[in-house]
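This is what each chain is made of:
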Amino acid sequence: MQNVGKSSFEKNFLSFSSICKRLSSIFRIVYKRHHERISKKQDVLLPQTKEVCFWIRINNCFYSSNFNTVDINEAASDICLTIDLKKVASIARRSLAPGKPHHAQWLVTRKCNYRCAGCNVWKEQDQRELATDDIKKGLDVLKNLGIVELVISGGDPLLRDDIGEIIDYASKLFVTTVYDNGSMAVKKIDVLRNVDFVAISIDSLDETKNDEIKNVPGAWKRAMESVEKLHNNGINVSVTPTISQKNLYEIIDITNYFTKKGIPVWYCLYSYDVSADENQLFRLGKENNEFVIEDKQAMVKLCNSLIEMKKKNNKILMTNMLLEALRSFYEEDKRTWKCQALRNFIVIDPLGRVAGCHSHNFAGSVFDLPKMWKSQEFKELREVYHECTQCNYLCYIFYSLQGSPSGYLSLARDQWKNAGLVFKKNEN
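Each chain has its residues counted from 1, running along the sequence as written. Whole-chain, interface and lining totals are the exception, using all residues; otherwise, since this is a predicted model, local features are given only for residues with pLDDT of at least 70 and side-chain atom pairs are given and counted only at 80 or more. With hydrogens and water set aside, each side-chain value is computed from the structure's full complement of heavy atoms.

A. Region of interest: the pairing of strand β5 (residues 149–153). Where burial is concerned, most of β5 is hidden: five out of the five residues are buried. Alternating residues of β5 divide into Glu 149, Val 151 and Ser 153 and Leu 150 and Ile 152, and every residue in both groups is buried. Here a strand pair is declared whenever DSSP counts at least two bridges between the two strands. For helices the rule is a DSSP run of H or I covering at least 4 residues; for strands it is a run of E covering at least 2, with both sets numbered from the N terminus onward. Note that strand β4 (residues 103–107) and β5 share five bridges and pair parallel. Note that in β5 the partner of Leu 107 across the bridge is Ser 153. Crossovers are described as right-handed under a simple rule: with the strands pointing away from the observer, the path leading from the first strand over the helix to the second runs clockwise. Handedness of the crossover is the feature at issue here: the chain leaves β4, passes through helix α5 (residues 132–145), returns alongside β5, and the resulting connection is right-handed. With helix α6 (residues 163–171) bridging β5 and its parallel neighbour strand β6 (residues 175–180), the resulting β-α-β unit is right-handed. We call a residue buried when its accessible area falls under 20% of the maximum for its residue type, exposed when it is over 50%, and partly exposed in between, using a 1.4 Å probe and counting protein chains only.

B. Main features of unusual backbone geometry. Of note, Asp 333 is a non-glycine position whose phi angle comes to about 55°, a positive value. Inspection of the secondary structure assignment puts Asp 333 in the loop between α11 (320–332) and β11 (345–348). Located in the positive-phi region is Leu 342, a residue other than glycine, with phi close to 70°.

C. Focus on the packing of helix α10 (residues 296–309) against α11. Contact geometry of α10 with α11 gives a least axis separation of 9 Å together with a crossing angle of 160°. By the angle between their axes, α10 is roughly antiparallel relative to α11. Pair α10 / α11 crosses with left-handed handedness. Contacts from Lys 296, Met 299, Val 300, Cys 303, Asn 304, Leu 306 and Ile 307 of α10 reach α11 at Asn 320, Leu 323, Glu 324, Leu 326, Arg 327, Tyr 330 and Glu 331. A per-class count over the contact of α10 with α11 returns eight nonpolar, two polar and four charged. Axes here mean lines fitted to C-alpha atoms, for a helix over just the part in contact, with angles spanning 0 to 180 degrees between N-to-C directions. Relative orientations are named as follows: roughly parallel for angles under 35 degrees, roughly antiparallel for angles over 145 degrees, roughly perpendicular for angles from 65 to 115 degrees, and oblique for any other angle. Crossing handedness follows the turn of the near helix against the far one: under a right angle anticlockwise gives a left-handed crossing, and clockwise gives a right-handed one. In this analysis, two residues are considered to be in contact whenever any of their non-hydrogen atoms come within 4.5 Å of each other. The residue classification treats Ala, Val, Leu, Ile, Met, Phe, Trp, Tyr, Cys and Pro as nonpolar and Asp, Glu, Lys and Arg as charged. All others, Gly included, are polar.

D. View of the nonpolar core. Among buried residues, the Ala, Val, Leu, Ile, Met, Phe, Trp, Tyr and Cys ones that are joined through side-chain atoms within 4.5 Å form a nonpolar core. Trp 106, Leu 142, Met 299, Ile 346 and Leu 369 are the most contacted members of the largest nonpolar core, which totals 92 residues. Those residues within four positions of Leu 142 in sequence are excluded, and the remaining contacts are Ala 104, Trp 106, Ile 147, Leu 150, Phe 174, Ile 346, Ile 348, Val 366 and Leu 369. Counting residues in hydrophobic clusters, the runner-up holds seven residues, among them Cys 112, Tyr 114, Cys 119 and Val 121.

E. Seen up close, the packing of aromatic side chains. Aromatic rings from Phe, Tyr and Trp, with only the six-membered ring used for Trp, were paired whenever their centres fell within 6.5 Å, and each pair was classed as stacked if the ring planes differed by under 30 degrees, edge-to-face if by over 60, and tilted otherwise. One pass over the structure, following the stated rule, counts 10 aromatic pairs. A centroid spacing of 6.5 Å and a plane angle of 75° characterise the contact between Tyr 179 and Trp 266, whose relative ring orientation is edge-to-face. With Tyr 179 in strand β6 and Trp 266 in the loop between α9 (251–259) and β10 (268–269), the pair connects residues that are 87 residues apart, well separated along the chain. Assessed through its relative accessible area of 13%, Trp 266 is described here as buried. Aromatic side chains Tyr 393 and Tyr 396 sit 5.9 Å apart centroid to centroid with 65° between the ring planes, which places their arrangement in the edge-to-face category. With relative accessibility at 9%, the residue Tyr 393 sits in the buried group. We classify Tyr 396 as buried; its relative accessible area is 7%. An aromatic cluster of at least three residues, connected via ring pairs, comprises Tyr 179, Phe 197 and Trp 266.

F. Molecular detail of the pattern of salt bridges. Salt bridges are defined as contacts in which a side-chain nitrogen from Lys or Arg sits within 4 Å of a carboxyl oxygen from Asp or Glu. According to the stated counting rule, one finds 15 salt bridges in the structure shown. One salt bridge connects Arg 160 with Glu 129, and the closest N-O pair in it is separated by 3.8 Å. Of this pair, Arg 160 sits in the loop between β5 and α6 while Glu 129 sits in the loop between β4 and α5; the two residues are 31 residues apart in sequence, bridging distant segments of the chain. Given the relative accessible area of 2%, Arg 160 is considered buried. Note on Glu 129: relative accessible area 23%, which makes it partly exposed. Put simply, Lys 136 and Glu 165 hold a salt bridge, and the shortest N to O gap is 2.6 Å. Note that Lys 136 is positioned in helix α5 and Glu 165 in helix α6, a separation of 29 residues in sequence. Judged by its relative accessible area of 18%, Lys 136 falls in the buried class. Salt bridges sharing partners connect three or more residues here, namely Lys 111, Glu 129, Arg 160 and Asp 162.

Spelled out as C-alpha cells, the structure:
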C-alpha cells in the first residue's frame, strides 16, 4: 500500500496507516456495534486482537489498520467494513482546513406532496430547478470550497426524477443526509443505500396528531413504514421531529421509542420566516400560534432531560453545546451564539442561488462562490448575518456555535467521528 502523495494532509497524517490509527476509535465503535449480532452466528470466528479491532476491505483484499494483509474466515466477512479511502482522505482534509464552510444545505426542489401546517412550501410550489448536470457541477464547487456535510432537502427532494443520480454523486464527496417527509423513502429505497443518513420527519407517536400536523391522511403510517423498512435494510435512517408547542410534552417519548429500536433521533425546532422580501432565498416557515413554544419552562426541562439522557443514550444526535444554548435561550431569553452564516454554512435554492441562510436575500450563484467567497461583498454580508437575530432554526444555531476556536476544534473532532458514516457493512 502506497502512502498518500505529498500534500498538507500528508504533513498532518503522513500516510493512510496513520489515518487509520487516528480513526481507530471510530472503527472500534462500529466493530462493537456489530460484534454481538455476528457472534451469535453459528461457526463464525471473530478476529481476536488487542491491538487491532477492525478490518478494511480494499479491492476485495482485507487489511488491518497497519495494512498488513490478513487471512480472514469467509463466514466472518460480514463484520468487515468497506471504506472509500479517497472519500475519507478528502473529508479529513476539508474538515481540518481553517476558514472554510463545512456545511451546506441544498434545497434541490420546491415541489412537495404534503401540506404541513407550519410550512408554506406547498403553497408556493415552483417547478423550476437546476438540471442534473448543473447540480453535479455545483457539488464539485462545494467540494472545492471545503464543504464536508451536505443536506439535500426541499420540498421533498425524493420527488425529483433524477434524485438517484444526484445522491449517488453527492455521496461520493460528502457526509450526505437526505430529508424525506416519509412519503417517498420506501419507493426510492434503492437510491438511498449510499447516503450516510436518511432523515424522516415524524412529529408525534399519535397517528391522528401527526396526520393533523402534516395535513395529509395516512402520513404517520407511511413514515413509520419508511423508518422500519429502511432500518431493516441496513440504511442509516433517523427520525427528526420538529419540536413545537404542539408536541413539546411527548419529545422524550418519541426519543425513547425510536432510540430503543436502535434508530437515532435529532430534532428540528419550530421557527418561521419574518422576511417579506421578494428576493428572499427560500420562503419556508410561516407563523402559526399553535406551534410557537409558550411553555418555556417545559422547554428548559426538555433540554435538561436530553442532556442527562445523552450520558447513556448515544442515539440522541444532538451536542450538549447545542442543548445548553437552547436552554439559555428559553430560560434567560439569551442568545449565546452569533450567526455564522456565510462563514460556517451556506444554503442553496433549487435554482442554484446562494445565501448564508434561506431567510435572507440571495447573494449570487453556487457557480460564483469561488470568486465571491473572499470578496468584499461577502465580507459585508457576513457582518449582517452575524448581527441577525430573526430566527432560531436549529441547524443554523448548531453551525453557528462552531464559530469560536473551541467550537472549531469540536467540529474537527466531530468530523472524524462522522467519517464513520462512510463505512458500510460488507453484505456480500
